[in-house]
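Residue-level structural notes
Read off the chains here:
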Amino acid sequence: MIFRHLLMTLAILLFIPSQLFWLWQLRTLGRKFIRSQHLRRWLDGLGVGTYVLALAFNWFWPSPTPEPAHMTVGAAMLEAPFRWWVLSSLLGFVLIAAFYLCNRLGRGVYWLYRKAFAPSDPEGEQLLSPARRHFLARTAVAVSATPFAACAYGLLYERTEIETTHQPITLMRLPKAFDGFRIAQLSDIHVGAFMPAQDIRKYVAMVNQLKPDLVALTGDFITWEGSPQGAVVDALSGLKAPFGIFGCLGNHEHWAHVEDSITRLFAQHGIRILRQENVTIASAGERLNLIGVDYQTRIPFGPPGDGVVAQYLQGVEELMLADTVNILLSHNPNTFDRAAALGIDLSLAGHTHGGQVTLEYISPNISPARLITPYVRGWFQKGGSQLYVNRGIGTIFSPVRFGAPPEITVYELHRG
Ligand SMILES: [Fe+2]
């Protein structure tokens, strides 16, 4: 609860000054390049009017019910540009604030140095000249504008550039009959205007082309409203795998209170959602044990109380089979520590979107998902247990992905 309030307070404290800062920068830019005072006034009015309209549409306008499972004019013309703007302006403002703080700190240290060691150095005076300060300020604004380009790239390109990851998994207890068994995973679909049902069908066709033996769906089929649940189930019903399609539920199904209804809808299409349940997958007289759990967390992140448990994976011991490989479908990768303690061989998770907007390729610590988990993306091992965190295919809050392209994972199991 405190964590959520802290995040909200920080976001609001950053949002207001960031908007004022960037609107002022745009106004200054207009003053520089547009000579006609009449045209400048007209553009100022147009800019403020568009901003107010977009703000009202995104934050104060009631969300459409039912939530669409297709792109709409409002989403394309007002929602997407405004969310791009909010994310870019916030990131840019954080950059410029960091630049300003570093600059002030550097100047303070330099001032102390000059006081102590070079009190009459004329070259040192020049380093703090007005021209240099002006140059630094201009550079800071230019650098902090890069998030606008990066987020535009993430909105228009990276968000839809799906990658297929081929992940070999070696398991000591894997029965011979399952050597080479292939599982495809889809996660965090978030059907809506920015993940229309027709795009989901395209990803379903991609999964089918990979010819998996089994498909695992690891939750977050919807976003805020339960209304497009029929559309997402219908789109996913095209999945084909000889050993079946199985899944677990995510936090968004939990928050929208659609766990029961979406499970029933999936069942009507032959897709089985495992809710604190297990199923054995049999081949040539041997078997695998597949377990699924609902979303559970120990970090209060969503609506009060929802999904918060005293201990992860309570009762899962009774679903495990001692003589074979146990595979767990759990939306939240934070269950992995407990899964490893229980001796679950392989956990498949999602939830983080790989950070969604992240600079993980510069440093693994630059990712918002690290606020909620150490398991942001990819493969992990702990003792004899393994975890893979899929980056998902949908988006949340802002329809932007940067440094975290959408992903289909194909696991090939091997004895070893
Ligand atoms: Fe998600």
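Here, every reference points to the structure presented above.
The rules behind these values
Residues numbered from 1 in each chain as written. Predicted model: local features only at pLDDT ≥ 70, side-chain atom pairs only at ≥ 80, totals over all residues. Heavy atoms only, no water. Donors = N, O, S within 2.8 Å, 3.2 Å for Na, K, Ca; no water. Tetrahedral: all angles 85-135°; square planar, octahedral: opposite > 155°, others 65-115°. Helix = DSSP H or I, 4+ residues; strand = E, 2+ residues; numbered from the N terminus. Buried < 20%, exposed > 50% of the residue type's maximum accessible area, 1.4 Å probe, protein only. Pairing = 2+ DSSP bridges. Contact = heavy atoms within 4.5 Å. Axes fitted to C-alpha atoms, helices over the stretch in contact; angles between N-to-C directions.

Moving on: the coordination of the iron ion. Protein coordination at the iron ion: the donors are Asp188 (OD), His190 (NE2), Asp220 (OD) and His353 (NE2), at 2.1 to 2.3 Å from the metal. Because the angles between the four donor atoms bound to the iron ion fall within 86 to 178°, the donor set is best described as irregular. Summarised as a motif, the one-chain spacing of the donors to the iron ion is D-x1-H-x29-D-x132-H. Remark: His353 occurs in the loop between β9 (346–349) and β10 (378–382) and Asp220 occurs in the loop between β3 (214–218) and α8 (229–236); sequence separation between them is 133 residues. Under the relative-accessibility criterion, Asp220 is labelled buried at 2%.

Let us now look at the sheet that holds strand β2 (residues 182–186). Pairing is mixed in the open sheet, where six strands are placed in the order β1-β12-β2-β3-β4-β5. Each end of this open sheet is capped by a strand with a single partner; those strands are β1 (163–171) and β5 (272–273). In the sheet, β2 pairs with β3 via four bridges, with the strands oriented parallel. Within the sheet, the bridge partner assigned to Gln185 lies in β3 and is Ala216. Against the sheet, helix α7 (residues 197–209) makes contact with β1, β2, β3 and β12 (407–415), and its axis sits at roughly 20° relative to β12, the strand it touches most.

Let us now look at the pairing of strand β11 (residues 385–389). When you tally the buried positions in β11, you get five out of five residues, the bulk of the element. Here β11 shows two buried faces, one formed by Ser385, Leu387 and Val389 and the other by Gln386 and Tyr388. In this structure, β9 lies alongside β11, joined through four bridges in parallel fashion. Paired with Leu346 across the two strands is Gln386, which belongs to β11. Here β10 runs beside β11; their pairing, made up of five bridges, is antiparallel.

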